[in-house]
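# Topology and contacts: notes
Chain by chain, the residues run as shown.
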Amino acid sequence: MSAATHGSHAGHDHGAAHGHDLPFWRKYVFSVDHKVIGVQYTITALVFLLFGFSLMMIMRYQLAYPGRPLPIVGSWLGPGLVNADRSLSPDGYNVFGAMHGTIMVFLAVVPLVVGGFGNYVVPLQIGAPDMAFPRLNAASYWSYLSGGLVMFASFFMKGGAAQSGWTSYAPLAVISPGQTVWLLGMVLLITSSLLGSVNFIVTIVQLRAPGLSFFRLPFFVWAQFVTAFLLLLAFPPLEAAAILQLMDRIAGTSFFMPTGLVVSGQILPTEALPHTGGGSPLLWQHLFWFLAHPEVYVLILPAMGIVAEVVANNTRKPLWGYRSMVYAIIFLGFMSFIVWAHHMFMTGMGTKLSLFFATTTMIISIPSVVVLTALILSLWGAAMRFNSQFLFALAFLPMFAIGGLTGLPLGLPASDIHLHDTYYVIGHFHYVVAPGTIFAIFAGVYHWYPKVTGRKMSELLGRVHFWPSLICMNVIFLPMLFQGLQGLSRRTYDPLVYDAGQAVQGWHFVSSWGAWILAIAQIPFIINFFWSAVAGKKVSDNPWDATTLEWAAPSPPPHGNFLKSVSVYRDPYVYSPPGRPSDFWPQNQPPED
Amino acid sequence: MMAGGYSLWLPVDVSKHGFEIDRLIYALHILMAVLFVGWGIVFAYCLVRFRQRPGHRADAVVIKAKASKYAEIGVAVFEAVLLLAFAVPVLARVKNQFPSEAESEVVRVVAEQFAWNGHYAGADGVFGRTDPKFIAPDNLIGLDPNDPHGTDDIITVNELHVPVNKPVIVRLSSKDVIHSFAVPALRVKQDVIPGMTIPIWFEAARLGEFDIQCAQLCGNNHFKMRGRIHIDTDAAFAEWKKSKAPGEAPKVSEEDFQL
Amino acid sequence: MSATAEVIPHTVEPHPVTGVYNGKFGMWLFLASEIMLFGALFSSYVLLRVGSAEWPHGYSVLNVPLATVNTMVLITSSVTVVMAWYCLQLNDFGKARLYLLATIGLALVFMVIKYIEYSSKFEHHHYPRTNLFYGLYFTLTGLHGLHVLGGILVFLYFVGPGAGMWKTDPHRYTNRVECAGLYWHFVDLVWIFLFPSIYLL
Ligand code: HEM
Ligand SMILES: [Cu+2]
Ligand SMILES: [Cu+2]
């Protein structure tokens with residue numbers, strides 16, 4: 001049967017079939033092997049991460065020195081983006097801000113944690129030869145890359161890139177330049193996520209190795225599993241919203257355009273804006289946040305998963321409360337669908353509705369507290385091994401704690417009156433995604449690098465990377481909380497316009513320098529990343545003495561992953577089991593051994 | 001780093017309800033600090049105590065951490081208290097329990113790219129009818145020229161005056177996109193949604209002049225959409241109203257709209 | 001040799017616990033996401049309609065008889081696709097092929113009727129921008145039409161270039177038709193929601 005199957009669509013299945021005797025471009029470019037796709041995702045997303053960060057570094061110059069000509073880059077940017085004196089223009093600021101958010105969320109972090117780590121690690125950790133649908137997996141990557149290129153190209157198109165924030169609130173987004181391309185890019189990215197999430201769920205349910213019951217799954221796999229459901233069910237409403245906004249822009253419908261708008265002194269409909277009205281701007285917000293709240297859990301759950309792996313491995317003991325962590329994230333997944341309107345407290349919704357969403361928001365904070373507490377208690381009684389990945393994973397804990405805690409005042413409508421749409425919000429979610437998720441990503445890179453390359457990254461460079469990064473992250477984001485408490489609005493091109501901005505301008509200065517030094521602090525990482533691939537210390541298949549299945553495969557794993565079929569005999573993190581000489585007991589080691 | 005009543009934590013508050021919001025924010029930050037320090041102590045202790053060293057092996061026996069359960073329950077209870085005892089009453093008061101119009105000063109604010117238009121009812125106390133079709137450079141909010149109630153109305157740009165110690169109701173609407181009417185010093189913030197009229201209210205407790213910010217991205221010059229709100233004594237407020245010739249279009253320049 | 005189908009478990013044979021093969025499971029998940037997509041659009045429709053002062057009755061402005069014919073056409077095509085799958089299970093590829101062709105034919109009839117409907121709307125200068133009603137009408141039926149088109153392409157592949165799989169791997173071919181059939185039922189189901197809510201209410 002199998003030979004026949006293969007012959008039937010020769011030319012399609014080749015990549016999966018003979019990873020070994022394929023030409024370079026089939027093996028490394030148009031591959032359907034989950035490991036190659038994982039690496040492609042990782043590299044592409046790291047490039048976008050750097051790009052999104054660069055946009056922000058330029059914006060940070062305007063914030064630190066409002067109105068001053070941009071050094072060096074000022075002369076590279078097109079006329080719309082800079083003023084005559086080569087300082088960043090308000091349009092440029094809005095374009096960069098919107099694209100920073102879009103790129104960071106949809107093109108960098110999610111593709112890294114799901115497309116990159118998820119793709120590479122999940123099949124290995126469940127003992128599968130590949131994802132359930134390898135070609136779909138490749139399609140997901142290419143759709144992602146196309147979406148990314150469309151977004152990138154939009155900078156060079158007429159009208160430029162989108163400039164209405166990553167939230168694209170209507171009516172502004174409907175009447176602003178650049179938005180159509182943004183929406184088209186989003187449709188491609190959403191498609192990519194949908195294909196990916198179907199693949200992950202099927203893979204995790206159908207392809208687990210014998211003996212690998214759900215409660216023996218590594219926590220990382222659980223995190224990916226819940227994440228996949230969030231992507232599967234939350235993205236389609238955004239797709240619906242994108243379709244409706246596209247119609248508003250292309251076909252002149254008025255889904256998000258109310259009656260009686262007057263734009264630039266002209267009452268609609270006009271030649272350029274043929275909207276007859278009747279629509280609802282808030283409809284967009286509901287559809288958008290119905291996706292975007294679960295989306296923030298997509299940004300954090302896989303990061304928790306990575307941290308859990310690294311913590312268990314380097315404390316040399318089982319995770320504390322593994323089951324309650326699993327229940328917590330399942331609960332969190334469900335709840336994340338009914339909290340979305342906490343982003344809309346200031347839109348004038350009634351107190352009953354506000355109360356409902358405030359209550360669900362308070363409830364959803366509990367599972368995060370459970371996960372964090374469990375991870376911290378996992379340190380108790382450990383024999384900690386302070387390698388680079390563990391440092392990043394440890395730093396994740398207090399940073400995520402700050403991010404999570406600062407969410408509380410934003411989740412209560414009364415305190416949100418003062419804090420909504422201020423820099424407090426920016427500080428809050430960046431603590432979650434930057435020193436939170438990004439640190440988890442670094443931990444994951446250091447941790448799984450030997451599996452991908454067969455070599456270790458340099459510990460020395462790892463430390464040179466870690467300490468300045470940790471300090472800079474706080475120098476960047478802590479000031480934002482204070483700025484927000486003062487009432488400084490986010491998305492404010494020139495903070496000096498307002499009294500509040502003048503009062504806290506010093507913090508902008510501090511924050512910007514933090515960002516630029518953070519950039520320098522990434523140089524050791526970049527060197528380490530490339531240099532170790534050729535010159536790093538060669539290591540065994542299981543250099544960290546880890547228990548989960550990916551370490552039972554050769555490094556790098558061949559096509560099909562495992563040399564012989566694997567079976568699972570025990571829980572994921574059997575470290576330092578009493579009565580055994582070795583301090584780890586791999587999941588796949590038969591008990592008689 | 002202080003200017004005009006701004007400090008490290010929260011800025012000056014000149015409203016009557018603001019202290020409740022501030023109290024909630026402070027209470028929350030104390031809770032946050034307690035939790036953070038609690039976690040931090042365990043965390044730091046572990047980092048020092050449980051390092052890898054010769055002869056030390058991790059203790060795989062699962063510790064019973066009742067403390068964590070208590071901590072989690074404690075957090076839940078505290079959140080419930082904050083929500084029900086602090087957040088809900090403030091919210092209900094600010095959002096629902098409006099003062100009667102008779103005893104308040106009622107102002108309309110019409111937002112547009114990129115300015116705040118104030119609209120006062122004038123001597124007759126009745127707002128003139130408005131319709132977008134009348135909007136013109138000398139009729140910014142589209143007052144109906146045929147409505148007699150409108151002839152004495154006062155229109156301002158980026159400048160609001162309100163009396164102190166008297167409830168003020170602001171009816172917010174927008175001509176074009178979403179803006180957000182934010183006065184940090186009054187602890188007031190409300191999105192202004194085109195197609196809707198949303199009322200808010202506050203009562204100022206102190207005299208002064210403060211920023212009105214636009215808190216929602218509304219276009220390229222969003223950042224310059226700044227207005228000023230003047231909190232006057234009753235006498236000064238009456239004086240100011242009188243000084244405005246009824247029906248006169250406000251003198252505006254391109255600058256006011258930051259186009 | 002190691003073909004994908006061999007290495008990856010449950011590509012053809014059902015998983016003992018879940019009782020489905022990968023493709024079918026994946027299709028169900030895909031349909032779940034489609035439900036969220038159309039669910040969001042339907043919710044938008046309801047919200048916009050409720051929020052509007054006036055709203056035309058579908059039956060007074062749209063061509064109900066044509067749409068009724070289309071409903072019948074689509075339901076029939078759902079039957080023919082099941083028949084195709086049934087015949088494949090009975091090992092009768094010839095008949096299955098005819099049923100697949102019938103499905104394609106019916107889907108094309110649906111599209112042609114759609115085309116007639118749209119052009120008469122355009123003739124009367126009714127465009128998506130005319131008002132919210134037409135905006136939703138064109139968007140929802142248009143998106144549904146795209147789904148029909150997608151189905152046509154898939155079925156064309158099955159009777160055309162993809163038909164060879166029947167000889168090499170009949171079980172898998174049958175599974176593919178089954179999955180496409182699931183999709184097709186969904187497309188049908190969406191129409192069964194669209195028809196009353198847009199044309200009749
Ligand atoms: C570590 C480097 C980063 C720095 C210095 C940084 C800085 C900033 C700043 C200052 C803003 C506010 C701009 C404004 O309101 O005018 C902002 C907005 C934003 N950032 Fe970041 N950020 C970083 C990383 C990230 C990451 C990793 C993510 C996401 C996963 C992210 C997502 C966003 C989003 C969604 C916005 C809102 C954009 C909008 O207003 O539409 N950022 N960032
Ligand atoms: Cu949220
Ligand atoms: Cu504004």
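In this text, all values refer to a predicted model and were calculated from it rather than measured experimentally.

### A few points about the overall build of chain A
The helix and strand inventory of chain A stands at 20 helices and two strands. Its C-alpha atoms give chain A a radius of gyration of 24 Å, within 12% of the compact-globule value 25 Å for 593 residues. Overall size of chain A, expressed as C-alpha extent along the three principal axes, is 80 × 55 × 55 Å. Expressed as a percentage of the 593 residues in chain A, the buried residues total 71%. Excluding contacts between residues fewer than 6 apart, the proportion of contacts in chain A whose partners are at least 24 apart in sequence is 77%. When the accessible surface of chain A is split by element, carbon and sulfur atoms take 71% of a total near 17500 Å².

### Description of the overall build of chain C
A count of helical and extended segments in chain C gives eight helices and zero strands. N-terminal to C-terminal, the α/β element order of chain C is α-α-α-α-α-α-α-α. Sorting the 201 residues of chain C into buried and exposed places 52% on the buried side. Long-range pairs, those at least 24 residues apart, make up 74% of the contacts in chain C with a sequence separation of at least 6. Accessible surface for chain C amounts to roughly 8900 Å². Of this, 72% is attributable to carbon and sulfur atoms. When the 10 basic and 10 acidic side-chain charges of chain C are each reduced to a single mean position, those positions are 4 Å apart.

### Notes on the site of ligand 1
All names here are of chain A. Residues in close proximity to ligand 1 total 25 residues, the closest being Tyr93, His100, Trp166, His430 and Arg491. For ligand 1, an oxygen atom lies 2.4 Å from a polar atom in the side chain of Tyr93. Trp166 is positioned such that a nitrogen or oxygen atom in its backbone is 2.8 Å from an oxygen atom of ligand 1. Residue assignment for the shell around ligand 1 shows that the elements contributing at least two residues are helix H4 (34–64), helix H5 (90–125), helix H16 (423–453) and helix H17 (459–485). When residues of the shell around ligand 1 are assigned to their parent elements, the largest contribution, seven residues, is made by H5. When its residues are assigned to classes, the shell around ligand 1 shows 16 nonpolar, six polar and three charged.

### Comments concerning the pattern of salt bridges
On inspection of all chains with the given rule, the structure shows 19 salt bridges over all chains. Among the ionic pairs, Arg490 of chain A bridges to Asp421 of chain A, the shortest N-O distance being 3.4 Å. With a gap of 69 residues between them, Arg490 of chain A in the loop between H17 and helix H18 (499–503) and Asp421 of chain A in the loop between helix H15 (413–419) and H16 connect regions that are remote in the sequence. Assigned by exposure class, Arg490 of chain A and Asp421 of chain A land together as buried. Salt-bridge contacts for Glu105 of chain B lead to Lys241 of chain B; the nearest nitrogen and oxygen are separated by 2.9 Å. On the criterion of sequence distance, the pair formed by Glu105 of chain B in strand S1 (residues 105–112) and Lys241 of chain B in helix H3 (residues 234–243) is long-range, its members being 136 residues apart. By relative accessible area, which is 25% here, Lys241 of chain B ends up partly exposed.

### Concerning helix H13 (residues 388–405) of chain A
End to end, H13 of chain A covers 26 Å across 18 residues, agreeing with the expected 26 Å (1.5 Å per residue, within 8%). With 16 of 18 residues buried, H13 of chain A is to be regarded as a mostly interior element.

### Describing the confidence of the model for chain C
For chain C, per-residue confidence averages 93 on the pLDDT scale, and residues scoring 70 or more make up 97% of the total. For this predicted complex, the interface score ipTM comes out at 0.94, alongside a pTM of 0.93.

### Overview of the coordination of the copper ion (ligand 2)
Residue and element names in this part refer to chain A. The coordination sphere of the copper ion (ligand 2) contains the protein donors His293 (ND1), His342 (NE2) and His343 (NE2), at a distance range of 1.5 to 2.1 Å. The motif formed by the donor residues of the copper ion (ligand 2), counted along the single chain, is H-x48-H-H. Of the residues examined, His342 reaches a relative accessible area of 11% and is grouped as buried.

### Here's the deal with the coordination of the iron atom of ligand 1
Residues and elements named next belong to chain A. For the iron atom of ligand 1, the full set of protein donor atoms is His100 (NE2) and His430 (NE2), and the range of their distances to it is 1.9 to 2.0 Å. Every donor counted, the six donor atoms about the iron atom of ligand 1 form angles of 87 to 180 degrees at the centre, which fits octahedral coordination. With His100 in helix H5 and His430 in helix H16, this pair connects stretches of sequence that are 330 residues apart.

### Describing the side chain of Thr437 of chain A
Looking at the element boundaries, Thr437 of chain A is found in helix H16. Excluding anything up to four places from it in sequence, Thr437 of chain A contacts Val109, Val113, Leu299, Ile300, Ala303, Phe396 and Val432 of chain A.

### Re the sheet that holds strand S5 (residues 167–174) of chain B
Residue and element names in this part refer to chain B. The five strands are arranged S3-S2-S1-S5-S8 in an open sheet whose pairing can be described as mixed. The outermost strands of the open sheet, each flanked by one partner alone, are strand S3 (154–157) and strand S8 (198–203). Looking at each pair of strands side by side, their axes are set apart by 25 degrees on average, direction ignored. Where S5 lies against S8, six bridges are found, and the strand directions are antiparallel. Each bridged residue has a counterpart across the sheet, and for Val168 the counterpart in S8 is Phe202.

### Looking at the side chain of Arg60 of chain A
Residues and elements named next belong to chain A. Within the secondary structure layout, Arg60 lies in helix H4. The buried charged residue Arg60 lacks any salt bridge partner; its closest oppositely charged side chain belongs to Asp494, at an N-O distance of 12 Å. Apart from residues lying up to four places away in sequence, Arg60 is in contact with Met480, His508, Ser511, Ser512, Ala515 and Trp516.

### Focus: the interface of chain C and chain A
In this assembly, 44 residues from chain C lie in contact with 49 residues from chain A. Remark: the boundary between chain C and chain A carries zero salt bridges. Summed over the shared surface of chain C and chain A, the result is four residue pairs in polar contact (both at pLDDT 80 or more). Every element with two or more residues in the side of chain C that touches chain A is listed here: helix H1 (4–7), helix H2 (22–50), helix H6 (132–159), helix H7 (165–168) and helix H8 (170–200) of chain C. For the side of chain C that touches chain A, the leading source of residues is H2 of chain C, giving 15 residues. Its residues assigned to classes, the side of chain C that touches chain A comprises 23 nonpolar, 16 polar and five charged.

### Digging into the interface of chain B and chain A
Taken residue by residue, the interface counts 85 residues in chain B and 95 residues in chain A. Taken over both partners, the interface formed by chain B and chain A buries close to 8000 Å², and the fraction arising from carbon and sulfur atoms is 69%. In this structure, the connection of chain B to chain A is made through two salt bridges. In this structure, the salt-bridge partner of Asp499 of chain A is Arg226 of chain B, at a minimum N-O distance of 3.7 Å. Joining chain B to chain A, the criterion identifies 28 residue pairs in polar contact (both at pLDDT 80 or more). Mapped onto the side of chain B that touches chain A, the elements with two or more residues apiece are helix H1 (18–49), helix H2 (66–96), strand S7 (188–192) and strand S9 (208–214) of chain B.

### A closer look at helix H10 (residues 281–315) of chain A
Residues and elements named next belong to chain A. With 35 residues, H10 should cover 51 Å at 1.5 Å per step; its first-to-last C-alpha distance of 51 Å lies within 8% of that length. Along H10, the sharpest change in direction is near 30 degrees and occurs at Trp289. Counting buried residues in H10 gives 33 out of 35 residues, a clear majority hidden from the surface. Just past H10, the residue Arg316 takes up positive phi, approximately 60 degrees.

Calculation criteria
Residues numbered from 1 in each chain as written. Chains lettered and ligands numbered in written order. Predicted model: local features only at pLDDT ≥ 70, side-chain atom pairs only at ≥ 80, totals over all residues. Heavy atoms only, no water. Helix = DSSP H or I, 4+ residues; strand = E, 2+ residues; numbered from the N terminus. Rg over C-alpha atoms; globule rule 2.2 N^0.38 Å. Buried < 20%, exposed > 50% of the residue type's maximum accessible area, 1.4 Å probe, protein only. Contact = heavy atoms within 4.5 Å. Areas by Shrake-Rupley, 256 points an atom, 1.4 Å probe, with all protein chains shown as cover. Lys, Arg positive; Asp, Glu negative; His and termini not counted. Charge placed at Lys NZ, Arg CZ, Asp CG, Glu CD. Near = heavy atom within 4 Å. Polar contact = N/O pair within 3.5 Å; in protein donor to acceptor, adjacent residues only side chain to side chain. Nonpolar A, V, L, I, M, F, W, Y, C, P; charged D, E, K, R; others polar. Salt bridge = Lys/Arg side-chain N within 4 Å of Asp/Glu carboxyl O. Expected span 1.5 Å × (residues − 1). pLDDT = per-residue confidence, 0-100. Donors = N, O, S within 2.8 Å, 3.2 Å for Na, K, Ca; no water. Tetrahedral: all angles 85-135°; square planar, octahedral: opposite > 155°, others 65-115°. Pairing = 2+ DSSP bridges. Axes fitted to C-alpha atoms, helices over the stretch in contact; angles between N-to-C directions. Buried area = accessible area lost by both parts, 1.4 Å probe. Bend = angle between axes of the 7 residues up to and from the residue.

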